[in-house]
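Residue-level listing of the chains:
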Number of protein chains: 2
Amino acid sequence: MQYYEDVEVGETEEFGEYQFDKEEIIEFAEKYDPQPFHTDEEAARESVFGELVASGWQTAAVCMRMLVDGYLRDQASMGARGVDELRWLKPVKPGDTLHIRAEIVDKRLSESNPHRGYVDNKMEGVNQDGEVVISWIGLGMMEVRDPDV
Amino acid sequence: MQYYEDVEVGETEEFGEYQFDKEEIIEFAEKYDPQPFHTDEEAARESVFGELVASGWQTAAVCMRMLVDGYLRDQASMGARGVDELRWLKPVKPGDTLHIRAEIVDKRLSESNPHRGYVDNKMEGVNQDGEVVISWIGLGMMEVRDPDV
């Protein structure tokens, strides 16, 4: 198990693999983001995208799945306060396969709780052509192994 | 249909209603965020949350659904570049009902494309007790009705 003390600013990891299929793109969008270019191939062809594309929120959720499997499972995580600078940089289409590139960009101890550390990650979702399609700064919290109390 | 010219900074709207149920919380989390406090009632009781809570990404997706139904359907939207300052402020539990409060906080014309305007929204998800549980700044784009070209 990794604690606050075990992570270093500048550490980068790449991991995960998730292929988007048409059925899951449509299913997610019908529930949470029913815009025609996410739910209907015909309508998508007439849209600015020219073809069916995944909801940006599905892309974010898929990246979260890879973060949980490849990252958070081994961390004494205390959850996330939020996310800064979430950007959808390229469309994600049926058949695209993403993986994660994650870098620790900042860490500092909580001033109020000696058991808690703040760890910020730059998260990128990268497609099969090496293009970054989504990115964000995750504002995470980790347990401190040996609090100075 | 609302175009760029039709929206004003400071305009605020409240709309939507979405009740979270346990089955959907677990289903979403098993797919996209399989941390025990999102997927397993027993394990959630032992967690920092003390009970089952929705994935923050599901809460975001549910808010997107309300935005599509209550807002974007009537707008000449050109999609979103991204989101700033996404914050999960309070846990969302089975039975909670959210609605949206959205305020236009900035608008400006694109310098490169006279058909495009940038419109930023402060989006809040509010629960049945009036507490803001999630918020973000949406960086949207809208069509200009009468471009000065």
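Residues numbered from 1 in each chain as written. Chains lettered and ligands numbered in written order. Predicted model: local features only at pLDDT ≥ 70, side-chain atom pairs only at ≥ 80, totals over all residues. Heavy atoms only, no water.

- By the naming in an unreviewed UniProt entry, chain A goes by MaoC family dehydratase and is assigned to Halomarina halobia.

### Some details on the overall build of chain A
Here is step 1 of the chain: Along the backbone of chain A there are four helices and five strands.
Here is step 2 of the chain: Sequence-ordered secondary structure for chain A, helices as α and strands as β, is β-α-α-α-α-β-β-β-β.
Here is step 3 of the chain: Evaluated residue by residue, chain A yields a buried proportion of 46% over its 149 residues.
Here is step 4 of the chain: Carbon and sulfur atoms form 44% of the exposed surface of chain A, whose accessible area is close to 7100 Å². (Helix = DSSP H or I, 4+ residues; strand = E, 2+ residues; numbered from the N terminus. Buried < 20%, exposed > 50% of the residue type's maximum accessible area, 1.4 Å probe, protein only. Areas by Shrake-Rupley, 256 points an atom, 1.4 Å probe, with all protein chains shown as cover.)

### Quick look at the interface of chain B and chain A
Here is step 1 of the chain: Facing 32 residues of chain B, the contacting portion of chain A comprises 32 residues.
Here is step 2 of the chain: Carbon and sulfur atoms make up 59% of the area that chain B and chain A hide from each other, which totals about 2800 Å².
Here is step 3 of the chain: On the surface where chain B and chain A come into contact, there are four salt bridges.
Here is step 4 of the chain: The salt bridge partner of B:D84 is A:R87, with a shortest N-O separation of 2.9 Å.
Here is step 5 of the chain: Summed over the shared surface of chain B and chain A, the result is 16 residue pairs in polar contact (both at pLDDT 80 or more).
Here is step 6 of the chain: Contributions of two or more residues to the side of chain B that touches chain A are made by helix 1 (22-32), helix 4 (56-70), strand 2 (77-88) and strand 5 (132-143) of chain B.
Here is step 7 of the chain: Partitioned by chemical class, the residues of the side of chain B that touches chain A number 17 nonpolar, three polar and 12 charged.
Here is step 8 of the chain: Bridging between strand 2 (residues 77-88) of chain A and strand 2 of chain B involves four bridges; their strand directions are antiparallel. Each residue of the ladder has a partner; that of A:R87, found in strand 2 of chain B, is B:G82. (Contact = heavy atoms within 4.5 Å. Buried area = accessible area lost by both parts, 1.4 Å probe. Salt bridge = Lys/Arg side-chain N within 4 Å of Asp/Glu carboxyl O. Polar contact = N/O pair within 3.5 Å; in protein donor to acceptor, adjacent residues only side chain to side chain. Nonpolar A, V, L, I, M, F, W, Y, C, P; charged D, E, K, R; others polar. Pairing = 2+ DSSP bridges.)

### Describing the sheet that holds strand 1 (residues 12-19) of chain B
Here is step 1 of the chain: A sheet is described by the order of its strands in space; here 10 strands give the open sequence 1(A)-3(A)-4(A)-5(A)-2(A)-2(B)-5(B)-4(B)-3(B)-1(B), paired in antiparallel fashion. Lying at the two open borders of the sheet, with one neighbouring strand each, are strand 1 (12-19) of chain A together with strand 1 of chain B. With direction set aside, neighbouring strand axes in the sheet form an average angle of 25°. (Axes fitted to C-alpha atoms, helices over the stretch in contact; angles between N-to-C directions.)

### Looking at the UniProt feature "domain: MaoC-like" (unreviewed entry) in chain A
Here is step 1 of the chain: Here the UniProt feature "domain: MaoC-like" (unreviewed entry) sits at residues 12-121 of chain A.
Here is step 2 of the chain: Along residues 12-121 of chain A, the helical share is 33% and the strand share 35%, with 9 Å between the first and last C-alpha atoms. (UniProt positions renumbered as here; feature names shortened; annotations may be inferred.)

### Brief notes about the environment of B:I137
Residue and element names in this part refer to chain B.
Here is step 1 of the chain: Inspection of the secondary structure puts I137 in strand 5.
Here is step 2 of the chain: A relative accessible area of 15% places I137 in the buried class.
Here is step 3 of the chain: Along the backbone, I137 and E85 are 52 residues apart, and their C-alpha atoms lie at a distance of 6.1 Å.
Here is step 4 of the chain: Among residues more than four places away in sequence, those in contact with I137 are G82, V83, D84, E85, D120, N121 and K122.

### Side note on the packing of aromatic side chains
Here is step 1 of the chain: All chains considered together, the criterion is met by 16 aromatic pairs over all chains.
Here is step 2 of the chain: Put simply, the rings of A:W57, A:W88, A:W136, B:W57, B:W88 and B:W136 pair up and form one aromatic cluster.
Here is step 3 of the chain: Across the ring face of A:Y4, the terminal group of A:K107 is positioned such that the distance to the ring centre comes to 4.3 Å. (Phe/Tyr/Trp six-rings, centres within 6.5 Å; stacked < 30°, edge-to-face > 60°. Lys NZ or Arg CZ within 6 Å of the ring centre and 35° of its normal.)

### A short note on empty space enclosed by the protein
Here is step 1 of the chain: Applying the stated criterion to the full structure yields one cavity of 30 Å³ or more.
Here is step 2 of the chain: Reported here for the largest cavity is a volume of approximately 130 Å³.
Here is step 3 of the chain: As for the largest cavity, its lining consists of A:E24, A:E27, A:F28, A:K31, A:Y32, B:E24, B:E27, B:F28, B:K31 and B:Y32.
Here is step 4 of the chain: Sorting the residues of the lining of the largest cavity by element identifies helix 1 (22-32) of chain A together with helix 1 of chain B as the ones contributing at least two each.
Here is step 5 of the chain: Each residue belonging to the lining of the largest cavity can be placed in one class, and the counts come to four nonpolar, no polar and six charged. (1 Å grid on protein atoms, 1.4 Å probe; cavity = no way out; pocket = protein on both sides within 12 Å on 5 of 7 lines; lining within 4 Å. Points joined across faces, edges and corners; volume = space filled by probe spheres on them.)

### Examining the relation of the copies chain B and chain A
Here is step 1 of the chain: For the pair chain B and chain A, the best superposition has an RMSD of 0.0 Å and corresponds to a rotation of 180° with a translation of 0.0 Å parallel to the axis. The transformation relating the two chain copies, once decomposed into turn and shift, fits a two-fold axis. Scanning chain B for the C-alpha nearest the rotation axis identifies B:D84, at a separation of 2.6 Å. (Least-squares fit on C-alpha atoms with pLDDT ≥ 70 in both.)

### Comments concerning the pattern of salt bridges
All names here are of chain A.
Here is step 1 of the chain: One pass over the structure, following the stated rule, counts 26 salt bridges over all chains.
Here is step 2 of the chain: Put simply, E41 and K22 hold a salt bridge, and the shortest N to O gap is 3.2 Å. Separated by 19 residues along the polypeptide, E41 in helix 3 (residues 41-46) and K22 in helix 1 bring together distant segments of the chain.
Here is step 3 of the chain: Across the salt bridge formed by D69 and R65, the nearest N and O atoms sit 2.9 Å from each other. In this pair, D69 and R65 are both assigned in helix 4 (residues 56-70), four residues apart and thus about one turn of the helix distant.
Here is step 4 of the chain: Taking the relative accessible area as the measure of exposure, R65 reaches 21% and is therefore partly exposed.
Here is step 5 of the chain: Taken together, the shared-partner salt bridges in this structure form one network comprising R81, D106, R108 and D120.

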